[in-house]
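Here's the letter readout for the chains.
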Amino acid sequence: MSATERAGSRSGHSAEDVADLIPMVRRIVHARVGSHPAAEDLVQETLTRVLAASPTIEPGMLEPYAIVTARNVVASMWRDVDRKHRNQHRVVDLSTPDPPETQVLLDEEQSAMATALARLTERERRTLLDHEVKGTDTRTLAAREGSTAGAVAAQLNRTRARLRVEYLLAAAQIDPPTEQCRAVLMALSSGDKRRQREVHAAQHLLECEPCAGLSQPLLERGQPRDDRLTIPVTTDPDIVTARGAARELASRLAFGPTDLTVIATAVSEVCRNIVRFAGTGEVVVNLLEVPRRGIQIVARDGGPGIPDVERALDDGFSTYGGLGLGLPGVRRLMDEFAIASEPGHGTTVTMTKWEKADHE
């Protein structure tokens, strides 16, 4: 039996398993391309690649593999768009001119965004623009404001949630009819389930037609506010930022000092791999409530990938000759550990530490 056949017999992934990934893949693609005409084509391309590779994917790794594949398919599209743009001057433009209404729509969107930004506080606007436009990392922003990187990241999440609400209100030219409207829309935009219950969001949406009309895009785009952080990783200072943010978030649970150090160390190791081998990526830190309380860290990159994952997980294996723990050490530190990597397309590491877990 060949290696591929052995892997296929171990995985047993069916077409139905791949089909179950459709909602997740669609969310990932639409979060990155919005209403781009090619969005559904990208979803289908992702599912086709996952289905083709499913016989070789280990049990439990189908979802991480699909996440990496979706991100890479989207990235490939943007690279193609950029390449065509850079080479456009070399060819005769035979494309059909945009209809007049296209510019009108663009002007309306720009006007709505300008209005939304004006409704932020000066501090919110300055921090958001410095981070998103100038690329200032959260550690630098925290030093400027006398805060912590984790607190700044949480502030940025709140600001993005508010900006989405204000943009939709401005674009739809809606003046919220009640004081409760903005509170409900903010809770939806941030994905804060607890806050949604506090402001009785479900009942409000039944009674308020304007908020009901705006709820769908907010529910699709909203991200958890209090229990989830996303930290871009490109340089060594970002490793420190991610480590501190993960430790700060984990401290909300009943982790002792030792477990907090373990979590911070594991985050440092996976971030160091992103910086050294991929150049850019992100770490998503998420507090869990089910099946029990804990913290999950997902490190993603679009780098060269790992040619031999099994060898990379062997004790003593090091790809850069450093003194760090490496992936084998990280796997021992955490309660759950999974890695999906495709050469030339990137790597995703998912690891979990459960609150008060029994360690062997």
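Just so it is clear, the structure is predicted and the values come from calculations on it, not from any experiment.

Criteria and cut-off values
Residues numbered from 1 in each chain as written. Predicted model: local features only at pLDDT ≥ 70, side-chain atom pairs only at ≥ 80, totals over all residues. Heavy atoms only, no water. Helix = DSSP H or I, 4+ residues; strand = E, 2+ residues; numbered from the N terminus. Buried < 20%, exposed > 50% of the residue type's maximum accessible area, 1.4 Å probe, protein only. Contact = heavy atoms within 4.5 Å. Axes fitted to C-alpha atoms, helices over the stretch in contact; angles between N-to-C directions. Parallel < 35°, antiparallel > 145°, perpendicular 65-115°, else oblique. Left-handed = near helix turned anticlockwise from the far one by under 90°. Nonpolar A, V, L, I, M, F, W, Y, C, P; charged D, E, K, R; others polar. Pairing = 2+ DSSP bridges. Salt bridge = Lys/Arg side-chain N within 4 Å of Asp/Glu carboxyl O. Disulfide = S-S within 2.5 Å. Expected span 1.5 Å × (residues − 1). Arc of directions from axis to C-beta. pLDDT = per-residue confidence, 0-100. Core = buried A, V, L, I, M, F, W, Y, C linked by side-chain atoms within 4.5 Å.

Caption draft 1: Up close: the overall build of the protein chain. The number of helices and strands found in the protein chain is 17 helices and five strands. Taken across its 360 residues, the protein chain has 42% of its residues classed as buried. A separation threshold of at least 6 residues defines the contact pool for the protein chain, and within that pool the share at least 24 residues apart is 66%.

Caption draft 2: Main features of the packing of helix H14 (residues 236-250) against helix H15 (residues 257-278). Where H14 contacts H15, the axes come no closer than 8 Å and their chain directions differ by 150 degrees. On the basis of their axis angle, the class for H14 and H15 is roughly antiparallel. Crossing of H14 against H15: the hand is right-handed. Across the interface between the two elements, Asp236, Ile239, Ala242, Arg243, Ala246, Arg247 and Ala250 from H14 touch Pro257, Leu260, Thr261, Ile263, Ala264, Val267, Ser268, Cys271, Arg272 and Val275 from H15. Class assignment for the residues of the contact of H14 with H15 results in eleven nonpolar, two polar and four charged.

Caption draft 3: The sheet that holds strand S2 (residues 281-288), seen in detail. Ordered by their spatial adjacency, five strands build an open sheet running S1-S2-S3-S5-S4, and the pairing between neighbours is antiparallel. In this open sheet, the two strands that pair with only one neighbour each are strand S1 (228-233) and strand S4 (336-342). Neighbouring strand axes in the sheet, compared pairwise and without regard to direction, differ in orientation by 10 degrees on average. Here S4 pairs with strand S5 (residues 346-354) via seven bridges, running antiparallel. Counted as the bridge partner of glutamate 336 is threonine 352 from S5. Each of S1, S2, strand S3 (294-301) and S5 touches H15; the most contacted strand, S3, lies at about 10 degrees to it.

Caption draft 4: View of the pairing of S4. A large share of S4 lies buried, amounting to five of its seven residues. Counting the residues in the hairpin turn of S4 and S5 gives three residues, including glycine 344, whose phi is positive at 85 degrees.

Caption draft 5: Structural detail: the pattern of salt bridges. All told, the structure shown has 15 salt bridges when counted by the stated rule. Here glutamate 40 and arginine 26 are joined by a salt bridge, their closest N and O atoms 3.0 Å apart. With a gap of 14 residues between them, glutamate 40 in helix H4 (residues 39-53) and arginine 26 in helix H3 (residues 22-33) connect regions that are remote in the sequence. One network of salt bridges, in which partners are shared, links Arg123, Asp130, Arg144 and Glu145.

Caption draft 6: Spatial organisation of the state of the cysteines. Counting across every chain of the model gives zero disulfides. Unpaired in this structure, cysteine 181 has its nearest cysteine sulfur neighbour in cysteine 211, at a distance of 3.6 Å. Given the relative accessible area of 0%, cysteine 181 is considered buried.

Caption draft 7: Structural detail: unusual backbone geometry. At glutamine 173, a position not held by glycine, the phi torsion is positive, near 55 degrees. Note on placement: glutamine 173 falls in the loop between helix H9 (149-172) and helix H10 (180-190). Take glutamine 173: its relative accessible area is 74%, and that puts it in the exposed class. In this structure, histidine 200 is a non-glycine residue whose phi angle is positive, near 55 degrees. As for its placement among the helices and strands, histidine 200 is situated in the loop between helix H11 (193-198) and helix H12 (201-207). Taking relative accessible area as the criterion, histidine 200 reaches 54% and is therefore assigned exposed.

Caption draft 8: Quick peek at H4. For H4, built from 15 residues, the straight-helix expectation of 21 Å at 1.5 Å per residue is met to within 8% by its first-to-last C-alpha distance of 22 Å. Regarding H4, the residues found buried are Ala39, Leu42, Val43, Thr46, Leu47, Val50 and Ala53. Buried residues of H4 fall within an arc of 135 degrees about the axis and therefore sit on the same side. The exposed set on the far side of H4, more than 90 degrees from its buried face, consists of Asp41 and Ala52.

Caption draft 9: Geometry of the confidence of the model for the protein chain. Averaged over the protein chain, the pLDDT score is 79; the fraction of residues at 70 or greater is 82%. Per-element averaging of pLDDT across the protein chain places helix H1 (residues 3-11) at the bottom with 39 and S3 at the top with 92. Residue range residues 1-11 is modelled with pLDDT below 50. Its contacts to residues more than four positions away, or to other chains, number 14 contacts. This model gives residues 319-324 a pLDDT under 50, and the stretch forms seven contacts once residues within four places in sequence are excluded.

Caption draft 10: The arrangement of the nonpolar core in detail. Residues Val283, Val285, Ile295, Ile297, Phe337 and Met351 are the most contacted members of the largest nonpolar core, which totals 37 residues. Take this core: its biggest share by element is eight residues, from H15. Each residue touching valine 283, except ones within four places of it in the same chain, is listed here: Leu229, Thr230, Ile231, Val233, Cys271, Ile274, Ile297, Val298 and Ala299. Residues Leu42, Ile57, Tyr65 and Val73 belong to the second largest nonpolar core, which totals 26 residues.

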